[in-house]
Each structure stands twice: as structure tokens, then as C-alpha cells.
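Take a look at the letters that make up each chain.
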Amino acid sequence: MRFTGRAEGDLGHGGEYVEQVDPAVEARRRAVVDRPWIWLRQVHGDRIVTVDPAGLGAGEVADGSVTREPTVALSVLTADCAPVALAAPEGVIAVVHAGWRGLASGVIARAVEAVRACGGQTVVAAVGPCIHAECYEFGAGDLDAVAAALGDSVRGQTTAGRPALDLPAGVRRALVLAGAELTYDADVCTACAADAYFSHRARQESERQGVVAWLG
Ligand SMILES: [Zn+2]
């Protein structure tokens, strides 16, 4: 499993899904891990797709994927949303794209359920670089919606003292509620760490980092 950043270069297409991956993007992906990358049409929803031995599932409209298949690499791409990887020792992995809409609609819970449906029992999780509360001013109504789903730990403050979404806290809470154990947190803000990560919100960057996970 790897969380990527500026060092690995742009791994996406400006946040858009394309049928034909740019050869330069493909080369950068293969430099991270040289397997077929399963990537998704991410829509900030809660659907998790199961990737089978033939690699079916690639290109689906989903915000996470799960597999027992050792020949592929699962990926989601992010710029400020949280990239999350899940694993179970029974040989199941998953990746999740968790922004505020996905969090509120239960994408983390759906992903943990998907790992269990594939035979995973003890589910561990890792969360990568994402925007942190100090940089993520948030409207009161949207913040209430996330808090209604995950509790008040998601309420944070910006550096200027404005209401903010604490996205990592939301991910942590969703994992606890789903019965998964967080074993790694990159604990870095994509907006603050300008030298290391792309940020759509802070710098209007179109490039994407993300998480890639594979078995074996
Ligand atoms: Zn920050």
C-alpha cells in the first residue's frame, strides 16, 4: 500500500475519469506499482465495487473498491479528500475516497462491510494525506449534516477561528463505528504541505495523488 504525493507526480486527469489513460500518467502509475490499476469514476457517493479476477470493476461509478485478487492494484485519487486503505489478514484489501459527502453517506461503513463480505474479519485501516480542519472552513448546514451522521468530533476550527470540518476526525469516527482499527494516520494536511501534496482547495491544482493498494 502506498499513499502518493507530489513526488510521484500527477496520477489522474484533473479529477475526471477517462477511458484512455494518458501514457505519461500510466507510466507514473506503473512506477509506483507495476500492476493493472483499477480506478473509478468517483462521485462522492457510497458505492463500493468488488473487483474480480478478470479485473472487472475498473471504471465503475464508485468511491471505493475491494478485492481478494492478487494481480491488480486498487486505487482512488484525491486532492484534499481522504484516501483510505483497508486490509484484513484473510487476504482482502479495499481503498476508499472519503470526502465530506461520502463520509456523511456512509462510504467508510460500506467499505468495511465490503471487506467482511469478501471474508475479511479483523479489518485494519490507514488514512493518508487530506485537508485538515485548520484549512477547511465549512458551512454550518453541511457541517450539521456530517455531525448528524458521525457526531460532534467532526466539528473543527480554521486557523482564523471559523467553523471547519475535521475530516480526519470524521474518518476515525466512521472507522470506530464500523469496527475497524486505524493503524496508520499520515497526519498531514494537503493544503498546508504545499511542497509535498496537491490541493484543489488551497491552490486550485488539478493534479491528483491518492492511495494504491495491492496484495502480496
Ligand atoms: Zn492545513
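Reference entry: report on the structure contained in this document. Predicted, not measured: the structure shown is a model, and the values here were computed from it. Note on numbering: residues in each chain are counted from 1, in written sequence order. This being a predicted model, a pLDDT of at least 70 is required before a residue's local features are given, and a value of 80 or more before pairs of side-chain atoms are given or counted; all residues contribute to the totals for chains, interfaces and linings. Values reported for side chains reflect all heavy atoms of the structure, with hydrogen atoms and water molecules removed beforehand.

Here a strand is any run of E in DSSP of at least two residues, a helix any run of H or I of at least four, and the numbering for each starts at the N terminus. On a plain count of helices and strands, the protein chain comes out with six helices and 12 strands. Against the globule reference of 17 Å for 216 residues, the protein chain gives a C-alpha radius of gyration of 16 Å, in line with a compact fold. Principal-axis analysis of the C-alpha atoms places the extent of the protein chain at approximately 50 × 35 × 25 Å. Looking at the protein chain as a whole, 53% of its 216 residues qualify as buried. We call two residues contacting when some pair of their heavy atoms lies within 4.5 Å. Looking at the protein chain alone, contacts between residues at least 24 apart form 64% of all its contacts between residues at least 6 apart. Under the convention used here, Asp and Glu are negative, Lys and Arg are positive, and both His and the chain ends fall outside the count. Each charge is placed at NZ for Lys, CZ for Arg, CG for Asp and CD for Glu. Looking at the protein chain, you have 19 positive and 27 negative side-chain charges, and the mean spots of the two groups are 1 Å apart. This radius of gyration counts C-alpha atoms alone. The globule rule is 2.2 Å times how many residues there are, raised to the power 0.38. Accessible area is worked out with a 1.4 Å probe on protein chains only. A residue is then buried under 20% of its type maximum, exposed over 50%, and partly exposed in between.

Before going further, it helps to examine the coordination of the zinc ion. Here the zinc ion is held by the protein donor atoms E134 (OE), C135 (SG), C189 (SG) and C192 (SG), which lie 2.1 to 2.3 Å from it. Taken in sequence order, the residues that donate to the zinc ion follow the motif E-C-x53-C-x2-C. Of this pair, E134 sits in the loop between β8 (124-127) and α4 (140-150) while C192 sits in the loop between β11 (181-185) and α6 (200-203); the two residues are 58 residues apart in sequence, bridging distant segments of the chain. Judged by relative accessible area, C192 falls into the partly exposed class, the value being 48%. Metal-coordinating donors are taken as N, O and S atoms lying within 2.8 Å of the metal, or within 3.2 Å when the metal is Na, K or Ca; because water is left out, some sites can appear incomplete.

What follows deals with the packing of helix α3 (residues 107-117) against helix α5 (residues 167-178). Here the axes come from fitting lines to C-alpha atoms, over the contacting stretch only for helices, and the angles between their N-to-C directions go from 0 to 180 degrees. Following both chains from N to C, one finds α3 and α5 inclined at 40°, their axes separated by 9 Å at the closest point. The angle between α3 and α5 falls in the class oblique. In the crossing of α3 with α5, the sense of the turn from one axis to the other is right-handed. Packed against α3, whose contacting residues are I108, A109, V112 and R116, the element α5 presents V171, A174, L175 and A178 at the interface. Gly falls in the polar group here, along with every residue not listed as nonpolar (Ala, Val, Leu, Ile, Met, Phe, Trp, Tyr, Cys, Pro) or charged (Asp, Glu, Lys, Arg). Residue classes in the contact of α3 with α5 are distributed as seven nonpolar, no polar and one charged. Roughly parallel means an angle under 35 degrees; roughly antiparallel, over 145; roughly perpendicular, 65 to 115; everything else is oblique. By the definition used in this description, the sense in which the near helix is turned from the far one sets the handedness, with an anticlockwise turn below a right angle giving left-handed and a clockwise turn giving right-handed.

Time to look at the sheet that holds strand β3 (residues 48-51). Note on pairing: two strands pair once DSSP finds at least 2 bridges between them. Strand order in the open sheet formed by six strands is β3-β4-β7-β6-β8-β11, with mixed pairing between adjacent strands. Strand pairing shows two members of the sheet lacking a second neighbour, β3 and β11, which therefore form its edges. The average angle at which neighbouring strand axes cross in this sheet is 20°, direction not considered. Two strands pair when backbone bridges link them, and strand β4 (residues 64-67) and strand β7 (residues 92-98) are joined in this way by four bridges, in the antiparallel orientation. Looking at the pairing, S65 lines up with V95 of β7. Lying over the sheet, α3 contacts β3, β4, β6 (82-88) and β7, oriented at roughly 170° with respect to β7. In the packing of α5 onto the sheet, contacts are made with β6, β7, β8 and β11, and the angle to β6 comes to roughly 25°.

Those residues of helix α1 (residues 23-32) that sit buried are V25, R29 and V32. With its buried residues spanning 55° around the axis, α1 presents them on a single face. Counted as exposed and oriented over 90 degrees from the buried face of α1: P23 and A31. For α1, the secondary structure elements touched by its buried residues are β1 (2-3), β2 (37-38), β5 (73-78) and β12 (209-213). For the purposes of these results, a polar contact is taken to be a pair of N or O atoms within 3.5 Å, where, inside protein, one atom must be able to donate a hydrogen and its partner to accept one; residues adjacent in sequence count only when each atom of the pair is a side-chain atom. Of the residues flanking the start of α1, the one acting as N-cap is D22, its side-chain oxygen 2.7 Å from the backbone nitrogen of A24. Note that the arc is defined by the directions from the helix axis to the C-beta atoms.

Residue types Ala, Val, Leu, Ile, Met, Phe, Trp, Tyr and Cys, when buried and joined through side-chain atoms within 4.5 Å, form a set referred to as a nonpolar core. Counting residues in hydrophobic clusters, the biggest one holds 40 residues, and the most contacted among them are V84, L86, I108, L165 and V171. Put simply, the parts of the chain that give this core at least two residues each are β6, β7, α2 (100-105), α3, β8, α4 and α5. Top contributing element to this core by residue count: α3, with six residues. Once residues lying within four places of it in the same chain are set aside, the contact partners of V171 are A82, V84, A98, L103, I108 and V127.

In this section: the sheet that holds β12. Strands sit in the order β1-β12-β5-β2 across an open sheet of four strands; the sheet is mixed. Both edges of this open sheet fall to β1 and β2, since each of them pairs with a single strand only. Both β1 and β12 contribute to a ladder of two bridges, which runs antiparallel. Across the sheet, the residue bridging to F3 is V211, located in β12.

Fair warning: the whole summary comes from geometry, so function is off the table for now.
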